[in-house]
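Descriptive structure summary
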Amino acid sequence: MEIDTVGIIGAGTMGNGIAQACAVSGIRVIMVDISEAAVAKGVATVAGSLERLLKKEKITAVERDATLARIKGSTSYDELKSAQLVIEAATENYDLKLRILKQVDAMLAPDVIVATNTSSISITKLAAATSRADRFIGMHFFNPVPMMALVEIIRGLQTSDATHDAVHAMAKALGKTPITVKNAPGFVVNRILVPMINEAFFVMAEGLATPEDIDAGMKLGCNQPIGPLALADMVGLDVCLAVMEVYLSEFGDSKYRACPLLKEMVAAGRLGRKTGQGVYRY
């Protein structure tokens, strides 16, 4: 299946990042959000990103203009009907995703593939709520999407080989490196990463080292580009907590209990970079 047009639901951080990655690769994009302001902000974010690449001489002005010309913003789901693949990139909330997916499922042609950019929600469960379970798949991009090479391709129990192969090929066409993952809470990367971040909070709470030394230790001792606490601030402490709670609920294993300090910081509204303070001040 050749994919030349991709619909993206959500113009936020992940949605506009996916839009940029697709448009840079020559794929037409229809980016939909609930308001004109949200759509405009998403397109402006892509434009700003491309402008920075132009200043660094990574792209030419012609390439910048061609990329922007491939992105169409809209507030109407009807615009998605011309896409062969629709990627839902809404907030990580099951009820919200379910509502969106049911709405688009009812209006898209039967052969259209629908993907969700979730980092923790069951692909099998979401697929079962649509009429195209065999053409439903997880496509987990990583932030910042234009820079990060990895895409987790998550197969639900019902996902067909043809759907997997088409989406796997499309990810490679974007210049990404896809890995195929079975459906399970957190999939592969976050299943390993978020408990590590949680453990860093336990270490900090026990006073074993300062946040700076914890991060320096993991950067220098494990060759990580960013320490786990700084990464938590980037991801959002509320997101880290929500993922840990999903693991605890789904696996029923106490090793996934969230650190009390992480819970307390979220309760205090110290969510990281997006609030100006988390483990560190910004």
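Thresholds, definitions, all that
Residues numbered from 1 in each chain as written. Predicted model: local features only at pLDDT ≥ 70, side-chain atom pairs only at ≥ 80, totals over all residues. Heavy atoms only, no water. UniProt positions renumbered as here; feature names shortened; annotations may be inferred. Helix = DSSP H or I, 4+ residues; strand = E, 2+ residues; numbered from the N terminus. Phe/Tyr/Trp six-rings, centres within 6.5 Å; stacked < 30°, edge-to-face > 60°. Buried < 20%, exposed > 50% of the residue type's maximum accessible area, 1.4 Å probe, protein only. Lys NZ or Arg CZ within 6 Å of the ring centre and 35° of its normal. Salt bridge = Lys/Arg side-chain N within 4 Å of Asp/Glu carboxyl O. Pairing = 2+ DSSP bridges. Contact = heavy atoms within 4.5 Å. Patch = residues over 30% accessible without salt bridge, like charges linked within 9 Å, V, L, I, M, F, W, Y side chains within 5 Å. Areas by Shrake-Rupley, 256 points an atom, 1.4 Å probe, with all protein chains shown as cover. Disulfide = S-S within 2.5 Å. Axes fitted to C-alpha atoms, helices over the stretch in contact; angles between N-to-C directions. Left-handed = near helix turned anticlockwise from the far one by under 90°.

**Considerations on the UniProt feature "domain: 3-hydroxyacyl-CoA dehydrogenase C-terminal" (unreviewed entry) in the protein**
UniProt annotation of "domain: 3-hydroxyacyl-CoA dehydrogenase C-terminal" (unreviewed entry) refers to residues 186-282 when read in the numbering used here. The annotated region residues 186-282 carries 62% helix and 0% strand content, and the separation between its end C-alpha atoms amounts to 28 Å.

**Focus on the packing of aromatic side chains**
Tallied over the full model, the rule gives three aromatic pairs. Aromatic pair Y247 and Y256: ring centres 5.5 Å apart, planes at 70°, arrangement edge-to-face. Note on Y256: relative accessible area 5%, which makes it buried. Taken together, the aromatic side chains of Y247, F251 and Y256 make up a single cluster linked through ring pairs. Here the guanidinium or amino end of K125 rests over the ring plane of Y94, the centre of that ring lying 4.5 Å away.

**Description of the pattern of salt bridges**
Inspection of every chain in the model, using the stated rule, returns ten salt bridges. Its salt-bridge partner being R64, residue E51 comes within 3.1 Å of it at the nearest N-O pair. Within this pair, whereas E51 is found in helix α2 (residues 36-55), its partner R64 is found in helix α3 (residues 61-69), the two being separated by 13 residues in sequence. On the basis of relative accessibility, which here comes to 30%, the residue E51 falls in the partly exposed class. For R64, a relative accessible area of 17% translates into the label buried. A salt bridge links K97 to E88; its shortest N-O distance comes to 2.5 Å. K97 sits in the buried class, given a relative accessible area of 0%. Through salt bridges with shared partners, one network takes in E51, R64 and D65.

**With respect to the UniProt feature "domain: 3-hydroxyacyl-CoA dehydrogenase NAD binding" (unreviewed entry) in the protein**
The positions that UniProt labels "domain: 3-hydroxyacyl-CoA dehydrogenase NAD binding" (unreviewed entry) are, in the present scheme, residues 5-183. In the segment residues 5-183, helix accounts for 41% and strand for 22%; the C-alpha atoms at its two ends are 26 Å apart.

**Side note on the pairing of strand β7 (residues 150-155)**
When strand β6 (residues 136-141) meets β7, the two strands line up antiparallel, connected through four bridges. Following the sheet pairing, G138 is matched in β7 by I154.

**Topic: the side chain of T5**
Within the secondary structure, T5 is located in strand β1 (residues 5-9). On the basis of relative accessible area, T5 is assigned to the buried category, the value being 2%. Setting aside chain neighbours within four positions, we find T5 in contact with I27, R28, I30, S82, A83, Q84 and L85.

**Side note on a nonpolar patch on the surface**
Side chains of I179, V188 and I192 sit close together on the surface and give an oily, nonpolar patch of about 240 Å² of accessible area. Its location among the elements puts V188 in the loop between β8 (177-182) and α7 (189-205).

**Topic: the state of the cysteines**
Tallied over the full model, the rule gives zero disulfides. Cysteine C259 is unpaired, with the sulfur of C240 as its nearest cysteine sulfur at 12 Å. The class for C259 is buried, based on a relative accessible area of 1%.

**Considering the packing of α7 against helix α9 (residues 228-235)**
Axis separation between α7 and α9 bottoms out at 9 Å; the angle between their running directions is 115°. Where α7 crosses over α9, the two elements pack in a sense that is left-handed. Residues L193, M196, I197, A200, F201 and M204 of α7 form the contact with α9, whose participating residues are P228, L229, L231 and A232.

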